Amino acid sequence: MDLNEIKRKFPKISYNPQEFPGAVFKLDLPKTTTLIFRTGNMVCTGAKSEKHAHIAINNVVKQLRSKNIKIKNDANILIQNVVTAVNLGGKILIEDAARTLPRSMYEPDQFPGLIHRQLNPKTVMLLFASGKLICTGGKSSEQAFQAIHQIHSALEEKKLILYN
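Each residue is numbered by its place in its chain's sequence as written, counting from 1. Residue-level local features of this predicted model are given only where pLDDT is at least 70; pairs of side-chain atoms are given and counted only at 80 or more, and the full residue set underlies all totals for whole chains, interfaces and linings. Side-chain measures were taken over the full set of non-hydrogen atoms in the model, leaving aside hydrogen atoms and water.

Before going further, it helps to examine the packing of aromatic side chains. Stacked, edge-to-face and tilted labels apply to pairs of Phe, Tyr and Trp rings (six-membered ring for Trp) whose centres lie within 6.5 Å, assigned for plane angles under 30 degrees, over 60, and everything in between, in that order. Applying the stated rule across the entire model yields 3 aromatic pairs. Here the aromatic rings of F111 and F128 are separated by 5.8 Å at their centres, their planes lie at 65°, and the arrangement is edge-to-face. Pair noted here: F111 is in the loop between β6 (104-105) and β7 (114-119) and F128 is in the loop between β8 (122-127) and β9 (132-138), with a separation of 17 residues, a long-range link. Only protein chains enter the accessibility calculation, which uses a 1.4 Å probe; a residue whose area is less than 20% of its type maximum is buried, one above 50% is exposed, and one in between is partly exposed. F111 gets classed as partly exposed once you look at its relative accessible area, which sits at 31%. Runs of E in the DSSP output that reach at least two residues are strands. Runs of H or I that reach at least four are helices, and both are numbered from the N terminus.

In structure tokens:
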């Protein structure tokens with residue numbers, strides 16, 4: 001794709017190849033940012049759901065086509081990373097969890113959260129003493145939900161979470 005042509009036809013798009021190799025296309029609805037690369041690949045971030053990611057990419061393609069930017073095929077959309085933030089509603093005993101949960105790493109001098117790697121579904125969790133966690137790496141919201149349910153169950157089973 002000719003990113004200079006896209007920049008000319010869409011003045012609000014940010015494109016500075018000396019700083020970043022892609023054009024940055026922001027949408028207000030749904031509120032997302034889509035990175036467009038000369039290869040034709042696009043990366044959409046910020047969508048609040050898989051449905052919104054599909055809508056955003058299709059809107060970007062539609063807008064590009066409306067200004068005669070040549071796009072041969074319809075977008076082949078693949079969700080690669082669902083990031084989920086959760087408050088479990090209790091305090092996590094983070095040091096005990098670090099000793100108890102397999103595939104966990106906790107170095108409080110470098111990062112305040114415990115990093116836990118789950119195998120199935122393959123995700124990475126960042127757990128904080130506050131009871132909040134971030135799940136990343138899921139390929140769908142269902143995988144993220146499954147991973148969060150598993151870690152929450154493990155924390156309760158091992159008495160690593162205290163509720164007020």
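On to the sheet that holds strand β3 (residues 42-45). Strands are labelled as partners when DSSP assigns at least two bridges between them. Across the sheet, 3 strands lie side by side as β1-β2-β3; this open sheet has antiparallel pairing. One side of each edge strand has no neighbouring strand; the edge strands of this open sheet are β1 (23-27) and β3. Adjacent strand axes in the sheet meet at a mean angle of 20° when their direction is disregarded. Pairing geometry for strand β2 (residues 32-36) and β3, over 4 bridges, is antiparallel. Directly across from L35, in β3, lies its bridge partner V43. Angles run from 0 to 180 degrees between N-to-C directions of axes, and those axes are lines fitted to C-alpha atoms, restricted for helices to the stretch in contact.

This part takes up the layout of surface pockets. Gaps left between atoms show up when a probe the size of a water molecule is rolled over them. By volume, the largest pocket is sized at about 1200 Å³. M42, V43, C44, L78 and I79 are the residues nearest the centre of the largest pocket, which is lined by 36 residues in total. Broken down by secondary-structure element, the contributors of at least two residues to the lining of the largest pocket are β3, α2 (50-66), β4 (82-87) and α4 (141-157). Taken together, the residues of the lining of the largest pocket break down into 18 nonpolar, 12 polar and 6 charged. In this analysis the probe radius is 1.4 Å and the grid spacing 1 Å, with only protein atoms considered; a cavity is a set of points the probe fits into but cannot get out of, a pocket is an open set with protein on both sides within 12 Å along at least five of seven lines, and lining residues have an atom within 4 Å of a point. Grid points are joined across faces, edges and corners, and a volume is the space filled by probe spheres set on the points. Looking at the second largest pocket, its volume works out to about 270 Å³. In the scheme used here, Gly and all other residues not listed as nonpolar or charged are polar, with Ala, Val, Leu, Ile, Met, Phe, Trp, Tyr, Cys and Pro taken as nonpolar and Asp, Glu, Lys and Arg as charged.

Attention now goes to the state of the cysteines. In a disulfide, the sulfur atoms of two cysteines are covalently bonded to one another. Counting rule for disulfides: a pair of cysteine sulfur atoms within 2.5 Å. Per the counting criterion, the structure on display carries 0 disulfides. Considering cysteine sulfurs only, C135 is the nearest to C44, which forms no disulfide, with 19 Å between them.

The next point concerns the sheet that holds β9. The strand order across the open sheet built from 5 strands is β4-β9-β8-β7-β6, with neighbouring strands paired in antiparallel fashion. Each of the sheet's edge strands pairs with one partner strand only, and the pair in question is β4 and β6. Alignment of β8 against β9, held across 4 bridges, turns out to be antiparallel. Residue pairing in the sheet places V124 in a bridge with T136 of β9.

Below, the discussion takes up unusual backbone geometry. Of all residues except glycine, most have a negative phi; of all peptide bonds, most are trans. Look at the link from L29 to P30: it is a cis peptide, with omega at -15°. Position of P30 among the secondary structure elements: in the loop between β1 and β2. A cis amide bond links N120 with the next residue in sequence, P121, at an omega value of 0°. Of note, P121 is situated in the loop between β7 and β8. Within the chain, N68 stands out as a residue other than glycine whose phi angle is a positive 60°. Look at R103: it is not a glycine, yet its phi comes out positive at around 60°.

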